[in-house]
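What follows is each chain in one-letter form.
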Protein chains: 2
Amino acid sequence: MSDPHDVLFAHFDRYLALDDGERKALKERSHVRRLKKRGFLLQEGEVCRSYAFVVEGCLRMYELDAKGVEHNLQFAQENEWIVDIGSFHAEKPSSLFIEALEPSTVVCIEHADLLHLYTEHPKFDRNFRVIIEDQFVELQQRMLRRNASSAEQRYAHFVEQHPSLAARVPNVHIASYLGVTPEFLSRLRAKTSKGS
Amino acid sequence: MSDPHDVLFAHFDRYLALDDGERKALKERSHVRRLKKRGFLLQEGEVCRSYAFVVEGCLRMYELDAKGVEHNLQFAQENEWIVDIGSFHAEKPSSLFIEALEPSTVVCIEHADLLHLYTEHPKFDRNFRVIIEDQFVELQQRMLRRNASSAEQRYAHFVEQHPSLAARVPNVHIASYLGVTPEFLSRLRAKTSKGS
DNA sequence: CTGATCCCTTGATCTGGATCAAGGTCATTT
DNA sequence: AAATGACCTTGATCCAGATCAAGGGATCAG
């Protein structure tokens, strides 16, 4: 198995690649954390302390509503970031949970450390800007689909765009992410598998 | 009336304020554009050339679906930014429209100019990162509400959080933004105004 | 091995919100 | 001043998806 930090460095190669000094700083300013299945990286009421990069495994971020129903906001698997940015930057209590759906390994950067990286190495400002711009675009498209497409279309799109998530994540969670009940998603699946 | 660029400079004071050199560069690398009511800043099929800051007026960004129905993705009024970031950065045709709902004044930064600002003045990387992080957090919360709340709750929240938009934007557009039909929004309004 | 817990499915029924249709009020244009 | 069009409302009906209820197959801990 490769060093978690190497996976992270390789991830940055997709943007502006880090030089040795930046890699060293990033390594010093982050730490590896391992979570077992159903372990929490963040729970409601806590401040989100870690900007987390998933090296291995799969996590979800969700909210618990007044009726006790969970609403999945985001999944993150290998080479993806997960954090409650609002809570992280403001250092205020989060209303979200981040939970490992499988045994997972993440690289965590804490608030003070990220600020340090930003000011010492402007390339991080650049790279994190681009990373979040990409996430923003995806979220906008998801919002549009939520308003413009039927549950059936949204599910088909999800399976097409995220086949690995569709395979590794329980359908209950996909249903919640898409904004439908698990029962209804089950019916959709029954219908479309019959059709093929 | 104050100079549109001064409004933009004042906007940046809320983040890391610009120094004289940065202000000069920003002024040189941007231009003011005035739109009449129903004028377009972007139309489907075009590349989104401008990262636009609203000095005065109000615009909306929307998609037109296969059935010819519009879906509002975002509003922008004074001191807010509007752009199809995906199209802007990739310089690829957009599937969105940006239309002025009122006579409006915007400051536009084109792609090459923004890249120039980013590389010459790293503070822009920082400021635009923070700006989009804030937008991202808002959009996440909107996504959660879309999945967790009823149309009635979403409308009440919209009016509470965006009273000025609720006052200046036609209800048809608010309905589309919230993901309901104008007819249904009208019924919600009738019900809640009776209740008070 | 054995309960307990997930997770998925299927049936019956209900409802939030959509659709279709019509009419009314303003504001803008000619 | 008529006419067009944008915007809002209200009624009647319909449907996508929710809710409630039950059962069944994995998987996992003790």
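What counts, and at which threshold
- Residues numbered from 1 in each chain as written.
- Chains lettered and ligands numbered in written order.
- Predicted model: local features only at pLDDT ≥ 70, side-chain atom pairs only at ≥ 80, totals over all residues.
- Heavy atoms only, no water.
- Near = heavy atom within 4 Å.
- Polar contact = N/O pair within 3.5 Å; in protein donor to acceptor, adjacent residues only side chain to side chain.
- Axes fitted to C-alpha atoms, helices over the stretch in contact; angles between N-to-C directions.
- Helix = DSSP H or I, 4+ residues; strand = E, 2+ residues; numbered from the N terminus.
- Parallel < 35°, antiparallel > 145°, perpendicular 65-115°, else oblique.
- Left-handed = near helix turned anticlockwise from the far one by under 90°.
- Contact = heavy atoms within 4.5 Å.
- Least-squares fit on C-alpha atoms with pLDDT ≥ 70 in both.
- Buried area = accessible area lost by both parts, 1.4 Å probe.
- Salt bridge = Lys/Arg side-chain N within 4 Å of Asp/Glu carboxyl O.
- Nonpolar A, V, L, I, M, F, W, Y, C, P; charged D, E, K, R; others polar.
- Buried < 20%, exposed > 50% of the residue type's maximum accessible area, 1.4 Å probe, protein only.
- Arc of directions from axis to C-beta.
- Pairing = 2+ DSSP bridges.

Trainee: Would you mind going over the protein's contact with DNA strand D with me for this structure?
Mentor: Close contacts around DNA strand D come from 17 residues, with Thr181(A), Asn171(B), Val172(B), Ser186(B) and Arg187(B) the closest. Each atom of DNA strand D within 4 Å of the protein was classed as base or backbone; sugar and phosphate made up 63%. In the model, a phosphate oxygen of DNA strand D is placed 3.2 Å from a nitrogen or oxygen of the Ala151(A) main chain. In the environment of DNA strand D, a base oxygen lies 3.1 Å from a nitrogen or oxygen atom belonging to the side chain of Arg187(A).

Trainee: What am I meant to see in the packing of helix α6 (residues 151–161) of chain A against helix α8 (residues 171–178) of chain A here?
Mentor: The packing of two helices is summarised by the inter-axis angle and the distance between the axes. All names here are of chain A. α8 packs onto α6 with a crossing angle of 120° between their chain directions and a minimal axis gap of 10 Å. Judged on the interaxial angle alone, α8 and α6 are oblique. Once α6 is placed against α8, the crossing between them reads as right-handed. The segment α6 lies against α8, with Arg154, Tyr155 and Phe158 engaging Asn171, Ile174, Tyr177 and Leu178.

Trainee: Help me understand the relation of the copies chain A and chain B in this model?
Mentor: The operation relating the two chain copies consists of a rotation about an axis and a shift along that axis. Once chain A is rotated about the relating axis by 180° and shifted along it by 0.0 Å, it coincides with chain B to within an RMSD of 0.0 Å. When the rotation and shift are considered jointly, the pair of chain copies conforms to a two-fold rotation axis. The C-alpha atom lying nearest the rotation axis in chain A is that of Arg129(A); the distance is 2.3 Å. Both copies present the same face, since 100% of the interface residues in chain A are matched by interface residues at the equivalent positions in chain B.

Trainee: Sorry if this is basic, but what is going on with the interface of chain A and chain B here?
Mentor: For interface size, the figure often reported is the accessible area lost on association. Across the contact, 33 residues belong to chain A and 33 residues belong to chain B. With both chains or domains summed, chain A and chain B bury close to 3300 Å², and 65% of this area falls on carbon and sulfur atoms. Linking chain A with chain B are four salt bridges. A salt bridge links Asp125(A) to Arg126(B); its shortest N-O distance comes to 2.9 Å. At the boundary of chain A and chain B, one finds eight residue pairs in polar contact (both at pLDDT 80 or more). Listed by contribution, the elements that provide at least two residues to the side of chain A that touches chain B are β4 (58–64), β5 (70–77), α3 (85–90), α4 (111–120), α5 (122–148) and α8 of chain A. Split by residue class, the side of chain A that touches chain B holds 16 nonpolar, ten polar and seven charged.

Trainee: Before we go on, may I ask you to explain the protein's contact with DNA strand C in this structure?
Mentor: In the vicinity of DNA strand C, 18 residues are found, and the nearest of them are Asn171(A), Val172(A), Ser186(A), Arg187(A) and Thr181(B). Of everything in DNA strand C that lies within 4 Å of the protein, sugar and phosphate atoms constitute 64%. Contact between DNA strand C and Ser186(A): a phosphate oxygen at 3.1 Å from a side-chain N or O atom of the residue. Interatomic distance of 3.2 Å between a backbone N/O atom of Ala151(B) and a phosphate oxygen of DNA strand C. Counting only elements with at least two residues in the surface near DNA strand C, the list comes to α8 and α9 (182–195) of chain A together with α6 (151–161) and α9 (182–195) of chain B. Looking at the surface near DNA strand C, the element that brings in the most residues is α9(A), giving five residues. Looking at the surface near DNA strand C residue by residue, the class counts come to six nonpolar, five polar and seven charged.

Trainee: Is there a simple way to think about α6(B) in this case?
Mentor: When we look at burial in α6(B), the residues that qualify are Ala151(B), Arg154(B), Tyr155(B) and Phe158(B). The buried residues of α6(B) occupy an angular sector of 100° when projected down its axis, which confines them to one face.

Trainee: Got a minute to help me understand the pairing of strand β8 (residues 104–110) of chain A in this structure?
Mentor: The side chains of a regular strand alternate between the sheet's two faces. Residues and elements named next belong to chain A. Within β8, six of the seven residues are buried, which leaves the element mostly enclosed by the surrounding structure. In this sheet, β8 lies alongside strand β1 (residues 30–35) in antiparallel orientation, the contact comprising six bridges. Within β8, the position partnered with serine 30 by the bridge is isoleucine 109. Of the pairings in the sheet, the one linking strand β3 (residues 50–56) to β8 comprises six bridges and is antiparallel in character. Its bridge partner lying in β8, serine 50 is registered against glutamate 110.

Trainee: Help me out: how do you make sense of the sheet that holds β4(A) in this one?
Mentor: Picture the strands of a sheet paired through backbone hydrogen bonds; they go either parallel or antiparallel. Residue and element names in this part refer to chain A. Taken in spatial order, the four strands make up an open sheet running β2-β7-β4-β5, and their pairing is antiparallel. Edge positions in the sheet fall to β2 (40–42) and β5, since each of these pairs with one other strand and no more. Mean inter-strand twist for the sheet, computed between neighbouring axes without regard to direction, equals 25°. Pairing between β4 and strand β7 (residues 96–100): five bridges, direction antiparallel. What sits directly across from leucine 59, in β7, is alanine 100.

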